[in-house]
Amino acid sequence: DTTVKQNPRYKLARVGKPVNLICSQTMNHDTMYWYQKKPNQAPKLLLFYYDKILNREADTFEKFQSSRPNNSFCSLYIGSAGLEYSAMYLCASSRDQGEVFFGKGTRLTVV
Amino acid sequence: AQKVTQTQTSISVMEKTTVTMDCVYETQDSSYFLFWYKQTASGEIVFLIRQDSYKKENATVGHYSLNFQKPKSSIGLIITATQIEDSAVYFCAMREATGGYKVVFGSGTRLLVSP
């Protein structure tokens with residue numbers, strides 16, 4: 001099973017409110033990623049966990065938080081959503097130097 | 001820093017023909033991994049094929065194959081006998097081998113296959 005599961009599939013949030021997105025995988029992958037995807041743009045890497053070590057991209061460092069309580073689960077947290085956060089959020093995972101497997105995404109709309 | 005560039009924003013072809021999508025990359029690493037993904041109409045991103053930089057032979061999976069030109073830092077995706085359902089956005093991606101958990105994507109090429 002190469003499934004990465006994301007919940008919820010759709011999320012509506014108010015400006016200034018927090019958002020928490022959930023991801024899980026049962027492939028025992030050591031690395032889990034969060035990407036932001038907007039129309040006609042490349043998936044943008046926000047952060048990733050290698051095992052228990054969190055790596056955040058410099059330009060999104062203060063905007064997104066994450067936790068990985070165990071190997072299977074990873075969350076993405078936005079403390080105060082802005083309109084610019086409206087996008088598809090893709091969770092992905094991989095093992096060693098292997099290819100990345102994506103979940104179906106959570107479409108976040110901030111109003 | 002690693003970088004992936006896809007200059008073709010969209011391509012239109014007739015069904016059953018062959019199409020090539022271009023991708024160039026930048027890296028300081030001597031060892032790296034290259035991937036192609038397909039984004040379906042539903043938005044799902046699906047892995048298609050990979051090329052490891054140390055392998056000279058071009059990868060092939062089904063009707064997907066790669067044209068790996070290492071001196072040109074180029075990894076083209078070739079789709080033979082295209083089908084209507086190949087219509088999608090195709091992304092090229094790269095991972096460096098050292099410190100290599102970060103995967104960077106190009107901006108994508110939209111392929112439209114017409115009957």
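Above this text is the structure in question.
Here is a short report on the structure shown in this document. (Residues numbered from 1 in each chain as written. Chains lettered and ligands numbered in written order. Predicted model: local features only at pLDDT ≥ 70, side-chain atom pairs only at ≥ 80, totals over all residues. Heavy atoms only, no water.)

## Remarks on the nonpolar core
Within the largest apolar cluster, 25 residues are counted, with the highest numbers of intra-cluster contacts made by B:Trp36, B:Ile75, B:Leu77, B:Tyr90 and B:Leu111. Those elements giving two or more residues to this core turn out to be strand 2 (10-14), strand 3 (19-21), strand 5 (32-39), strand 6 (45-52), strand 8 (64-69), strand 9 (74-79), strand 10 (88-96) and strand 12 (109-114) of chain B. Per-element tally for this core: the top contributor is strand 10 of chain B, with 4 residues. With 22 residues, the next largest nonpolar core counts A:Val19, A:Leu46, A:Phe64 and A:Cys91 among its residues. (Core = buried A, V, L, I, M, F, W, Y, C linked by side-chain atoms within 4.5 Å. Buried < 20%, exposed > 50% of the residue type's maximum accessible area, 1.4 Å probe, protein only. Helix = DSSP H or I, 4+ residues; strand = E, 2+ residues; numbered from the N terminus.)

## Notes on the interface of chain A and chain B
The partner chain B presents 20 residues to the 21 residues of chain A that form the contact. Summed over both partners, the interface of chain A with chain B comes to about 1800 Å²; 56% of that surface belongs to carbon and sulfur atoms. Put simply, chain A and chain B have 2 salt bridges between them. A salt bridge links B:Arg50 to A:Glu99, with the nearest nitrogen and oxygen atoms 2.8 Å apart. Taken together, the connections running from chain A to chain B amount to 7 residue pairs in polar contact (both at pLDDT 80 or more). Of all elements in the fold, only strand 4 (31-37), strand 5 (44-50) and strand 9 (87-94) of chain A reach the threshold of two or more residues within the side of chain A that touches chain B. If one sorts the elements of the side of chain A that touches chain B by residue count, strand 4 of chain A sits on top with 4 residues. (Contact = heavy atoms within 4.5 Å. Buried area = accessible area lost by both parts, 1.4 Å probe. Salt bridge = Lys/Arg side-chain N within 4 Å of Asp/Glu carboxyl O. Polar contact = N/O pair within 3.5 Å; in protein donor to acceptor, adjacent residues only side chain to side chain.)

## A look at the layout of surface pockets
Put simply, the largest pocket is a space of about 480 Å³. Looking at the largest pocket, it is lined by 24 residues, and the ones nearest its centre are A:Lys37, A:Asn40, B:Gln39, B:Val89 and B:Arg110. Those elements that place two or more of their residues in the lining of the largest pocket are strand 9 and strand 11 (106-110) of chain A together with strand 10 and strand 12 of chain B. At 3 residues, the largest contribution of residues to the lining of the largest pocket is made by strand 10 of chain B. Grouping the constituent residues of the lining of the largest pocket by class yields 8 nonpolar, 12 polar and 4 charged. (1 Å grid on protein atoms, 1.4 Å probe; cavity = no way out; pocket = protein on both sides within 12 Å on 5 of 7 lines; lining within 4 Å. Points joined across faces, edges and corners; volume = space filled by probe spheres on them. Nonpolar A, V, L, I, M, F, W, Y, C, P; charged D, E, K, R; others polar.)

## Some remarks on the sheet that holds strand 3 (residues 19-25) of chain A
Residue and element names in this part refer to chain A. Taken in spatial order, the 4 strands of this open sheet run 1-3-8-7, and their pairing is antiparallel. Each end of this open sheet is capped by a strand with a single partner; those strands are strand 1 (4-7) and strand 7 (65-67). Each strand of the sheet is rotated relative to its neighbour by a mean of 20 degrees, with strand direction disregarded. With 6 bridges connecting them, strand 3 and strand 8 (residues 73-78) associate as antiparallel partners. The residue of strand 8 that forms the bridge with Asn20 is Tyr77. (Pairing = 2+ DSSP bridges. Axes fitted to C-alpha atoms, helices over the stretch in contact; angles between N-to-C directions.)

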